[in-house]
Amino acid sequence: MQPEQMYQVPDNVWVVIAAYNEGERLAITLSQLLPVAKNVVVVDDGSRDQTAEVARRFPVWLLRHPINRGQGAALQTGLDFARSKGAEILVTFDADNQHVASEIPNVIEPVRTGQADIALGSRFLGHTENLPLARWLVLKGGVLFTRLVSRIAVTDTHNGFRAFSRSAAERIRITQDRMAHASEILDEIRTQGLRYVEVPVTIRYSQQTLEKGQSSWNAIRIVWQFLLGKVIR
Amino acid sequence: MSTFQILSVLILGTFALRDLIGVLSRANGRGIRLLRLCVWSAAITAIINPGFPQAIANLLGIGRGADVVLYIFVLAFLWVSFFLYSCHLRVQRQVTQLARHIAIQEAQPPMIGERKAQDQ
């Protein structure tokens, strides 16, 4: 009989991945993730490539949006599903191999010990590889914007590597379907009075992720969507 | 009154009457009906008495009556744009909820034995 596999994080930790046309990189991400966490949910956000087929090759839960709804929408779908399965700690993790799976134990630690309701990964406290100057400027602009508008002092506003306690995941509702969800989560942390800490993490930029990822100009649209979303309920 | 004025007043009067009935009948959306009633009434007044916009312009210190009409149109355009965007956003959120419901209902569990295959 084969012994039960040991994972780096407990079984009540669920990792949620929103994936849109990530067929090429998702396999690498899942290969690195599965020795760390047992429970992984991939939300295929209406991809037109082989993302779902790639996910099916791995022992993960696969949810599929019939049409593309955006990263924020996909994350909320994954979080809802993980909660319905009894998750006590919920981790959001990017599909494009930018994050380092072995850092998950560090990220969940403040939530696991009850020190915080939410742990936010920060590349500026941690380490970045191949971060372009234009992206650095946009990210720093995002930090300033968040401090002014949401009045929350974080060092990295658009980092997809986070950990939520179950109660925090219940209280935060992502209504920003697209990229403005990251700002919305920070805004919700302040308005809901949730305890948070930032944890140093590594972000690896590659030519592929930069080509597929958000344009720096898209920051203007994110600001616009976030502000309108605050007004329109 | 010219033919244009008579026709315009008849059309706008019909709209105004419909909204007046809506306001008096305590139907839903009384606020928006009342707002529309004000718009129709102002338009009818301006058509019957072309000096009305000029009087408003003098009152506001704008200068020309045509400018008052232009400014009102600009503000109305912004308001309508915002209103339509709000409707669009709410529909988008409903579509997302629907997509989420389908995704969760049709969740595919991990394949039995796949993990062992990955480990080997």
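Being a predicted model, the structure only gives us computed values, none of them experimental.

Let us look at the overall build of chain B. When helices and strands are tallied, chain B shows five helices and zero strands. Listing each helix as α and each strand as β along chain B from the N terminus yields α-α-α-α-α. Overall, the C-alpha framework of chain B stretches about 90 × 35 × 25 Å when taken along its three principal axes. When burial is assessed residue by residue, chain B has 7% of its 120 residues classed as buried.

When you go through chain A residue by residue, the secondary structure sums to nine helices and seven strands. Scaling as 2.2 N^0.38, a compact globule of 233 residues should have a C-alpha radius of gyration of about 17 Å, and chain A matches this with 17 Å. Each principal axis of the C-alpha atoms in chain A carries an extent, and together these give about 60 × 40 × 35 Å. Classification of the 233 residues of chain A by burial places 52% in the buried group.

So, on to the sheet that holds strand 6 (residues 162-165) of chain A. Picture the strands of a sheet paired through backbone hydrogen bonds; they go either parallel or antiparallel. All names here are of chain A. Spatially, 3-2-1-4-6-5-7 is the arrangement adopted by the seven strands of the open sheet, whose pairing is mixed. Strand pairing shows two members of the sheet lacking a second neighbour, strand 3 (61-65) and strand 7 (196-204), which therefore form its edges. Across this sheet, the average inter-strand angle for adjacent strands is 20°, counted without regard to direction. Where strand 5 (residues 118-129) lies against strand 7, eight bridges are found, and the strand directions are parallel. Bridge assignment links Gly121 to a residue of strand 7, and that residue is Val199.

Counting residues at the interface gives 23 residues for chain A, matched by 21 residues for chain B. For the side of chain A that touches chain B, a count of residues per class yields 13 nonpolar, six polar and four charged.

The next point concerns the pairing of strand 3 of chain A. In the case of a regular strand, side chains alternate between the two sheet surfaces. Residues and elements named next belong to chain A. Of all five residues in strand 3, five are buried, a share of seventy percent or more. Relative to strand 3, strand 2 (residues 39-45) is paired through five bridges, and the arrangement is parallel. Counted as the bridge partner of Asp45 is His65 from strand 3. Regarding topology, helix 2 (residues 51-56) serves as the crossover connection from strand 2 to the parallel strand 3, and that connection is right-handed.

Take the nonpolar core next. Residues and elements named next belong to chain A. In terms of nonpolar packing, the biggest core is built from 66 residues, with Val16, Ile17, Val40, Val41 and Val91 touching the most fellow members. No other element matches the seven residues that strand 1 (residues 13-19) contributes to this core. Excluding residues within four positions of it along the chain, Val91 makes contact with Val13, Val15, Val16, Ile104, Val107, Ile108 and Ala163.

Turning our attention to helix 4 (residues 65-105) of chain B. Across its 41 residues, helix 4 of chain B extends 60 Å between first and last C-alpha, which sits within 8% of the 60 Å expected from 1.5 Å per residue. All of the buried residues along helix 4 of chain B are Val68, Thr96, Ala99, Arg100 and Ala103 of chain B.

Summarising the model, chain B shows a mean pLDDT of 90, and 92% of its residues fall at 70 or more. Here the complex is predicted with pTM 0.87, and the ipTM for its interfaces comes to 0.92.

All names here are of chain A. Along the polypeptide, Asp45 turns up in strand 2. Along the sequence, Asp45 and Ala27 sit 18 residues apart, while their C-alpha atoms lie 16 Å from each other. In this view, Asp45 contacts Ala18, Ala19, Tyr20, His65, Asn68, Arg69 and Ala74; residues no more than four positions away in its chain are not counted.

Turning to helix 1 (residues 23-33) of chain A, its buried residues are Arg25, Leu26, Thr29, Leu30 and Leu33 of chain A. In a view along the axis of helix 1 of chain A, the buried residues occupy a sector of 135°, so they form one face of it.

Our focus in this paragraph is unusual backbone geometry. Residues and elements named next belong to chain A. Within the chain, Asn21 stands out as a residue other than glycine whose phi angle is a positive 50°. Structurally, Asn21 can be placed in the loop between strand 1 and helix 1. Take Asn21: there are 19 C-beta atoms within 10 Å of it, and that puts it in the partly exposed class. The backbone of Arg151 sits at a positive phi, close to 55°, despite the residue not being glycine. With respect to the helices, strands and loops of the structure, Arg151 is situated in the loop between helix 5 (133-149) and strand 6. Overall, Arg151 belongs to the exposed group, with 11 C-beta atoms counted inside 10 Å.

So, how was this worked out
- Residues numbered from 1 in each chain as written.
- Chains lettered and ligands numbered in written order.
- Predicted model: local features only at pLDDT ≥ 70, side-chain atom pairs only at ≥ 80, totals over all residues.
- Helix = DSSP H or I, 4+ residues; strand = E, 2+ residues; numbered from the N terminus.
- Buried ≥ 20, exposed ≤ 12 C-beta atoms within 10 Å, placed from the backbone.
- Rg over C-alpha atoms; globule rule 2.2 N^0.38 Å.
- Pairing = 2+ DSSP bridges.
- Axes fitted to C-alpha atoms, helices over the stretch in contact; angles between N-to-C directions.
- Contact = placed C-beta atoms within 7 Å.
- Nonpolar A, V, L, I, M, F, W, Y, C, P; charged D, E, K, R; others polar.
- Right-handed = clockwise from strand over helix to strand, strands pointing away.
- Core = buried A, V, L, I, M, F, W, Y, C linked by C-beta atoms within 7 Å.
- Expected span 1.5 Å × (residues − 1).
- pLDDT = per-residue confidence, 0-100.
- Arc of directions from axis to C-beta.

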